Amino acid sequence: RWVCVFCGSENAVEGGASTQTDAAALGNVVDFVRGQAAADSSARLPATVFVVDTSADPEDVANMRAAITEAIGAMPDDARIGIVSAGASVRVYDMAATVMASADVLSGRTSPSREAMRALLIGAAVPVAPLRECREAALTATAALRCDSSAGVRAGADKAARGRAFIPTSERDRCVVTGVEVALGIIDGTDVAQMRPQQIRANSSGLYQGSKPTSSGGHVVLITTGPVTLGPGALPRDASHPLFLSECRAAARHVAALGDAAARQGAVIDVIAAGGTPIDVQHCLPMTERSGGAMQLVEELAAPLASTLRAGLLRTRATRSHVKCEIRVSRPLVVSRIMGAVYASKSGGDGDGDGELATGGGKGEAVHVALRVADSSAGIGVLYRLDEDVTSDYVFVQCVAQYVEVSTGDIRTRVVTRRLRTTASASMVAKGLNAEVAGLLAAKRALLTADSSSDANETSTYAGASVGARAKVFTASGDVACDELADRLVAAAGEMGAACGAPGTLPPALVPLAMRFYHFARGTAAAGGAPHPDEVALARSRLRTSGLDTSCYIMPRCWMVVPGAETEELVDVLPTNLVLMSNACVVLDAGSHTVVWVGASVSPDENAGVIDRCNAFATKLVTGRFPAPTLLTVREHSSASRQVLARVAPAHHDPAPMQDNACAYVRTMLPGQRAELMRKLATIPTDELGFSDWLQELMEEV
C-alpha cells in the first residue's frame, strides 16, 4: 500500500506491480497515449487568411504584396488560404478566379450581417481553398492588391490640390477589425460549407461570431500600417468630444470580444504592424492575447515583413489545439497565482484569461488551466504559498499536460512530477535559487502589478519602482508567497554576509538574480530609456506569455569571438560594453533584436569566415521564433550600432574583478590594451549607472 502525496488516498496493487507500472511510478516524466484525435482536426490544416491594410501608400502595399507572395510560395499544398483586404471597405477575394482577380465587397463601417456572410459563403465565389487548387488564383489576388483610391487624399481634392490635401496615415479610413471579423467568418464557414443545406441554415447565425464549437480552427494574419479608424473597434479621432472616453471603452470591449470569439472558434489572430505610424498596441493587444496570437512591430515593409510572415505561418501547426494542464501540489503548498496566456478550464479559479489567473487550488485539489498558445516560446508562471508550517523533508509538485501530437495525431498526456527538498537554512535557500527562473517570475509579477495600476500614465513608473523593489530582494511585494520569500532572502543575506565577514553586502549567491533585475529595469518592458508606448506595451505582452527559452527579453544574451585568437569560437559572456572591442565580433540576442556587431579592426575580407559563422549562429538563434526578431549586421561606429550600445550595460567604471567576471577576454589583455579599451568606452556618452554602482545604491537603502 502507498499513500498519494497529493490527495492522501491509499492505493493497493493486487498481484504485484508490473515493470511498466514501476517505471511509471518511479519516473519524473511519463507520457501516455490516449488514442487518436478526430479525423477532421488531424487530416486538415487550419485555414490561413491574410487581412491586408490597403490604406497604406502605394510603395508600402507593393512591399506587402511581395511579402505575401513569398509566404504563399513557402506554404505546403495542403494548406488552405484566403485573402481579405481592408481599407475604406472589406474585399474578400475569390480563390477560384485565375484569369482575373474577383472580390466580394462588404461595408467596413459595421460588422458583417448574417445575411451578408451567408451570401458570401453559399455564393459562387470560393473565399478559402487548398493551395493545390488555388495557388494561381491566390497569386493573382495578391497581385491585384492596390491601395484605396482615396488613401492619402482628402475627398474632393483635384490633381492640383492633392499635395495640400494629403491625409496622414494615422487618419485614413482603416476598417481592419471588420476585416478580421469577416476572416473569422469565412474560416468558420469553410467547414459549414461541407454540410447539407439544412445544416448550413441551422448554423448560419454563428458564422462570423465563432460560436460553432466543431470548427477546426484557423489562423488570421493581419498586416496593418496604422490604427483602427473605421467601423467597429475604431478609436474616435476627436479627443475633445464629450463621449470620447465612452467610445474608447466601447471600442476596447469590441476588440476584446473579438479575441474571445476567435478563441471559442479555435482560431489564432496574429497582428503585424509595419511602417512608422503608431497603431496603439494597447488597444489591439486583447485581440491577439485572448486568441493565443502575437503581435510584431516591423520597421520596414521589405525583408523583415517576409521573415515575420514565414515564422508566423510555421507557428500555425503548433497552435492547432490548446494544451490543457492540471497542476497539483502536496501539503502545505497552495497555488496562489498563475501567470501567462492561460484561462480557467473546468475548475480551479476565475480569471480573465490573460496575464494573471488567481486561484485557490491546494490540499489535493488540482488547478485546471488551458494554454492559449502551444509553441515552444510560450510559458506559464506558477507562484505557490505555504498554507501552514512545513513538517516534512520534501514537497511535491505535479503538472499533467494534455495535447495533440501534430505529426501523428496522437492525444498525449504528459505527467511531470518533481520532489523538492525542504530546509530551514536561509543560506541553503539562497544557494539553491535559480536566478534565471526567479528573475523571470519576479519580472512577470512586477509587470502584472504595474498593469493593474489604474493610472495609465503612472504604469511605466510603477513598473520601474516595482522592479527596483525586487532588485533590493528584501522589499515586500504584497503577495503572501513573495513576502515570505523576501523574508527568507533577508535572513539569507544576513547569515551569508556575516559568514563572509561582509555584513550589509549582497551575498554572492544572489548577485545573478540582482543582475537580471538590473537589466530588466533598464529594458523596454520597464520603460527604460523612454521608449515609445507601443514598444513598451508590446514588450510587456511578450514577457507575460514568454517561457524560459525567451528570457532574453529580461537580460540579453551575448557571445563574442576575437579573430586571430587561439580559439575562434563564440564564447558566452555577460552583456556589457566590455565586449565592444575593435578587434572582436559580438552576437547580441535582446529578444526583439538579434544583432551581429563587427569591430572596426575586423577586416571583412580577411575575417569573412568568422563573420559568416557569427551570422549563421544569429540566424540559428532566431529561426522558428515568433514574433521573429529583427536580424541585423552592423559595423562599429555606424548609426545602426546603437542597437547594441543601448542594450549592453556600461561596465567600464566597475571594479576590475567584476570586469574580469563579465568578460574573460579582458583578463588576457595587456595593461596598455585594457587602458585603451577603457578610454574608448569612456568617450561614449551615457548617464546610466553601471551594475556595481546601481547595486551599491540599492544596498545603501537596505
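Residues numbered from 1 in each chain as written. Predicted model: local features only at pLDDT ≥ 70, side-chain atom pairs only at ≥ 80, totals over all residues. Heavy atoms only, no water.

### Things to note about the state of the cysteines
Consideration 1: Going through the model one piece at a time under the given rule, you end up with zero disulfides.
Consideration 2: The thiol sulfur of C558 is not disulfide-bonded, and the nearest other cysteine sulfur, from C663, lies at 8.3 Å.
Consideration 3: Given the relative accessible area of 0%, C558 is considered buried. (Disulfide = S-S within 2.5 Å. Buried < 20%, exposed > 50% of the residue type's maximum accessible area, 1.4 Å probe, protein only.)

### A closer look at the packing of helix α9 (residues 281-289) against helix α16 (residues 533-545)
Consideration 1: One can describe the packing of α9 onto α16 by two numbers: an axis separation of 9 Å at closest approach and a directional angle of 25°. Classed by the angle they form, the pair α9 and α16 counts as roughly parallel. Two packed elements cross with a definite hand, and for α9 against α16 that hand is right-handed. For the pair formed by α9 and α16, the contact residues are V281, Q282, L285 and E289 on the first element and D534, A537, L538, S541 and R544 on the second.
Consideration 2: By residue class, the composition of the contact of α9 with α16 is four nonpolar, two polar and three charged. (Axes fitted to C-alpha atoms, helices over the stretch in contact; angles between N-to-C directions. Helix = DSSP H or I, 4+ residues; strand = E, 2+ residues; numbered from the N terminus. Parallel < 35°, antiparallel > 145°, perpendicular 65-115°, else oblique. Left-handed = near helix turned anticlockwise from the far one by under 90°. Contact = heavy atoms within 4.5 Å. Nonpolar A, V, L, I, M, F, W, Y, C, P; charged D, E, K, R; others polar.)

### Section: the pairing of strand β20 (residues 557-561)
Regular strands place side chains that alternate from one sheet face to the opposite one.
Consideration 1: Counting buried residues in β20 gives four out of five residues, a clear majority hidden from the surface.
Consideration 2: Two elements, β20 and strand β22 (residues 585-589), share five bridges in a ladder whose sense is antiparallel. Looking at the pairing, V561 lines up with C585 of β22.
Consideration 3: The pairing of β20 with strand β21 (residues 571-573) spans three bridges and is classified as antiparallel. When the bridges of β21 are listed, M560 appears paired with V571. (Pairing = 2+ DSSP bridges.)

### Section: the pairing of strand β24 (residues 630-635)
Consideration 1: Where strand β23 (residues 593-598) and β24 come together, six bridges link them in parallel fashion. Each bridged residue has a counterpart across the sheet, and for V596 the counterpart in β24 is T633.

### So, empty space enclosed by the protein
Consideration 1: Counted according to the given criterion, the structure contains five cavities of 30 Å³ or more.
Consideration 2: Here the second largest cavity is characterised by a volume of approximately 120 Å³.
Consideration 3: Mapped onto the lining of the second largest cavity, the elements with two or more residues apiece are α15 (511-521) and α19 (656-662).
Consideration 4: In terms of residue class, the lining of the second largest cavity is built from 10 nonpolar, three polar and one charged. (1 Å grid on protein atoms, 1.4 Å probe; cavity = no way out; pocket = protein on both sides within 12 Å on 5 of 7 lines; lining within 4 Å. Points joined across faces, edges and corners; volume = space filled by probe spheres on them.)

### Here we look at the packing of aromatic side chains
Consideration 1: Summed over all chains, the structure comprises two aromatic pairs.
Consideration 2: Ring geometry for W559 against F617: centres 5.0 Å apart, planes inclined by 75°, an arrangement best described as edge-to-face. Taken together, the residues W559 in strand β20 and F617 in helix α17 (residues 608-622) connect sequence positions 58 residues apart.
Consideration 3: Judged by relative accessible area, F617 falls into the partly exposed class, the value being 25%. (Phe/Tyr/Trp six-rings, centres within 6.5 Å; stacked < 30°, edge-to-face > 60°.)

### Observations regarding the pattern of salt bridges
Consideration 1: Using the criterion set out here, one finds 11 salt bridges in the structure.
Consideration 2: Close ionic contact of R135 with D77 constitutes a salt bridge, the shortest N to O distance being 2.7 Å. Taken together, the positions of R135 in helix α5 (residues 131-143) and D77 in the loop between α3 (58-74) and β5 (80-86) put the pair 58 residues apart, joining distant regions of the chain.
Consideration 3: For D77, a relative accessible area of 41% gives the class partly exposed.
Consideration 4: Between D589 and R557 there is a salt bridge, with its nearest N and O atoms 2.7 Å apart. Note that D589 is positioned in strand β22 and R557 in strand β20, a separation of 32 residues in sequence. (Salt bridge = Lys/Arg side-chain N within 4 Å of Asp/Glu carboxyl O.)

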